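# A structural walkthrough
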Amino acid sequence: ALSLALLSSLAYAESPTLLDDVVVTASRFAAPVATINASTTVITRSEIEARQASSLADLLASAGGVNMVSSGGPLTSTSIFLRGTTNKQTLVLIDGARVNSTTAGGFDFSTLLPNDIERIEIVRGAGSVQYGSDAIGGVIQIFTRKDRRTTLSLRAGSYHTQEASLSSFIGDSTAGIGFQIGLLDSDGFNATNFGNKDRDGGTKKTASLNAHKTLGKTRFAVSAITKNGDIEYDDGLSDQRYINVSASANTRFNQQWEQVVSLSSLRDDVDSTGLYGNSRFISSRQSLSWLHNVQALGGSWVAGIDAADERASSAGTSGYDERTYNAGAFVQSNYQFDRLDTQLGLRRDHHETFGGKTTGSATAGWQFTPAIRGYAKYATAYRAPNGNDLYYPGSPNFGGVWGCGPIAIPFCYFGSSDLTPESSTQRELGLSYQFAKQHRASLSAYRNDVTDLIAIDFSQNGFPLINIDKAKLRGVELEVAGSFTQWAYRLNASNQFAEDTQGKPLARRPRRHLNTDISYTGFERVRLGSEVVARSSTVDFGPVAGYAIGNIYADWQVTDMLKLGLRIDNVLDKDYTQANGYFTPGRSAYASAVISL
């Protein structure tokens, strides 16, 4: 987990320039992005407000190496494929707390909306030394909204969408408390090409609280967010009740020693009813972390202990209720030798079901010139089996593909307590070039060999899960970003190869990605912007055609207290899909108003 106290200084500061971004996620303590030997993206609150995105998925889709896949609109289940890894292989944190599901393994990115978010940090590549399980593709950290103003946000548009959010804060940098409440309601659109052709909309309610207090050398902070969603899908309804609470104490004893103790509690309860049966999955986790950042022995050292008590349970025909415990300890050194800096890290985890797992990393960075920096990284990572992998009872009495549903699309499987973790070995090279004060280009190339992948064995009755598959993930990523006079721009492109051992492409991993974002502020109090999101073809139970969509946005600062906004998504009304069987929104428009007191 992560100290909320560290976030407070970031959240309340003015939006940093491109090259002055500070990232906490990479080492679990704040560090300038220019000193981090990893491919990193930061999305600030000012960027979130400017782009007026409809969903968290829309925000993340603009980052390099990311492919977002939703099963319908912004309210429906949404997964991420980061550098070719699956949703389960990307670790997600909210205010420092691990939020990957203990049942399904991944995080549903439809849970949060842009109005809930203050800042997003994306660190690509292995992160198991710092965080343990799940960080094969990378780590995504989401910081919840911490607004020092009283703000009322209103938004309405296509598909009878209506959204309102109110946030406020009382206090100062030494002590304060803030809150936010929000409501989103949308009729949606027909999400699938099977089942009923009715609209699949829903409602989401949110409430969050954050507070901090400084006593002597210690800063205490607490953050809580709760969501309640009623989401429609063909022939059914899903009810999600989500709550995440984090608390931390950050103590700076002196210039050489900083300590963070943090606690978190998560519960995600999803209850679904439909024509084909009912289900209920409950994911809960209580976590404790104790971190130290120490300047000693001529270098910088980060060390910590993490422990978690996880519960995974489900009801109905898929019923099980299991608890697991895991703990880990890590240490990472950082030494500077003139133009060379080195990082060495080692971690040991112990999991109740499979025993111990050791991961490590070694990174070297070289400052060729004041404007050019390069790095090389070697690291190992892993993903522990989740609750469904281990305990899902399935229907082992029904053999063959017809016993579980249509050919090649099994509707049942069963887990195994004998599963071992998925493991990966990664190599990466990176180069960054600051070619002007506000302009930066970065290039990275990586290879990730993943073994012991957990997959369904179709040759056995009931389709058991076993450690059977391997994958080879390779890619090159380019990003260029900056600003000058009234213009700001960001462009990133990726070329990745995500293949199995036979060289066949993995599902839902487009080979080529392209994202652009250009904005203009030359008009008084008015900003104009445009985005392009393009993906090449991929596979998903059959071919999925590539696509390119364009979005435009504008805002007008009418007065110091009132800002009006307009966003049009999929301007050319492109008919495209991200996953076979699921529709995506057509041309849609949204108007917004933000009143600040």
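See the structure above.
Because the structure is a prediction, the values reported are computed rather than measured.

## Details of the side chain of Ser186
- Looking at the secondary structure, you find Ser186 in strand β12 (residues 175–189).
- In this structure the side chain of Ser186 is engaged in a polar contact, spanning 3.4 Å, whose partner is the backbone oxygen of Tyr159.
- Within polar-contact distance, the side chain of Ser186 engages the side chain of Thr161 at 3.0 Å.
- Leave out the neighbours within four places in its chain, and Ser186 touches Leu75, Tyr159, His160, Thr161, Gly201 and Gly202.

## A look at empty space enclosed by the protein
- The final tally for this structure, using the stated rule, is 12 cavities of 30 Å³ or more.
- For the largest cavity, the calculated volume is near 530 Å³.
- Around the largest cavity, the lining is made up of 45 residues, and of these Arg98, Ser133, Arg285, Glu310 and Asn326 lie nearest the centre.
- In terms of residue class, the lining of the largest cavity is built from 16 nonpolar, 17 polar and 12 charged.

## Some details on the packing of aromatic side chains
- Summed over all chains, the structure comprises 12 aromatic pairs.
- Centroid distance Phe354 to Tyr382: 6.5 Å. Interplanar angle 80 degrees. Geometry classified as edge-to-face. Residue Phe354 is found in the loop between β20 (340–351) and β21 (355–367), and its partner Tyr382 is found in strand β22 (residues 372–383); the two are separated by 28 residues along the sequence. The residues Phe354 and Tyr382 share a single accessibility class, namely buried.
- An angle of 45 degrees between the planes, with centres 5.8 Å apart, marks the rings of Tyr433 and Phe435 as tilted.
- Residue Phe435 is classed as partly exposed on the basis of its relative accessible area, which comes to 36%.
- A network of ring pairs unites the aromatic residues Trp301, Tyr335 and Phe337 as a single cluster.
- Over the aromatic face of Tyr590 sits the side chain of Arg155, whose NZ or CZ is 4.3 Å from the ring centroid.

## A short note on the pattern of salt bridges
- Evaluated as defined, the whole model comprises 38 salt bridges.
- With its nearest N and O atoms 4.0 Å apart, the salt bridge here joins Asp389 to Lys88. Note that Asp389 is positioned in helix α5 (residues 387–391) and Lys88 in the loop between β5 (78–82) and β6 (90–94), a separation of 301 residues in sequence.
- Given the relative accessible area of 30%, Lys88 is considered partly exposed.
- Residue Asp389 is joined to Arg383 by a salt bridge in which the shortest nitrogen-to-oxygen separation is 3.1 Å.

Parameters at a glance
Residues numbered from 1 in each chain as written. Predicted model: local features only at pLDDT ≥ 70, side-chain atom pairs only at ≥ 80, totals over all residues. Heavy atoms only, no water. Helix = DSSP H or I, 4+ residues; strand = E, 2+ residues; numbered from the N terminus. Polar contact = N/O pair within 3.5 Å; in protein donor to acceptor, adjacent residues only side chain to side chain. Contact = heavy atoms within 4.5 Å. 1 Å grid on protein atoms, 1.4 Å probe; cavity = no way out; pocket = protein on both sides within 12 Å on 5 of 7 lines; lining within 4 Å. Points joined across faces, edges and corners; volume = space filled by probe spheres on them. Nonpolar A, V, L, I, M, F, W, Y, C, P; charged D, E, K, R; others polar. Phe/Tyr/Trp six-rings, centres within 6.5 Å; stacked < 30°, edge-to-face > 60°. Buried < 20%, exposed > 50% of the residue type's maximum accessible area, 1.4 Å probe, protein only. Lys NZ or Arg CZ within 6 Å of the ring centre and 35° of its normal. Salt bridge = Lys/Arg side-chain N within 4 Å of Asp/Glu carboxyl O.

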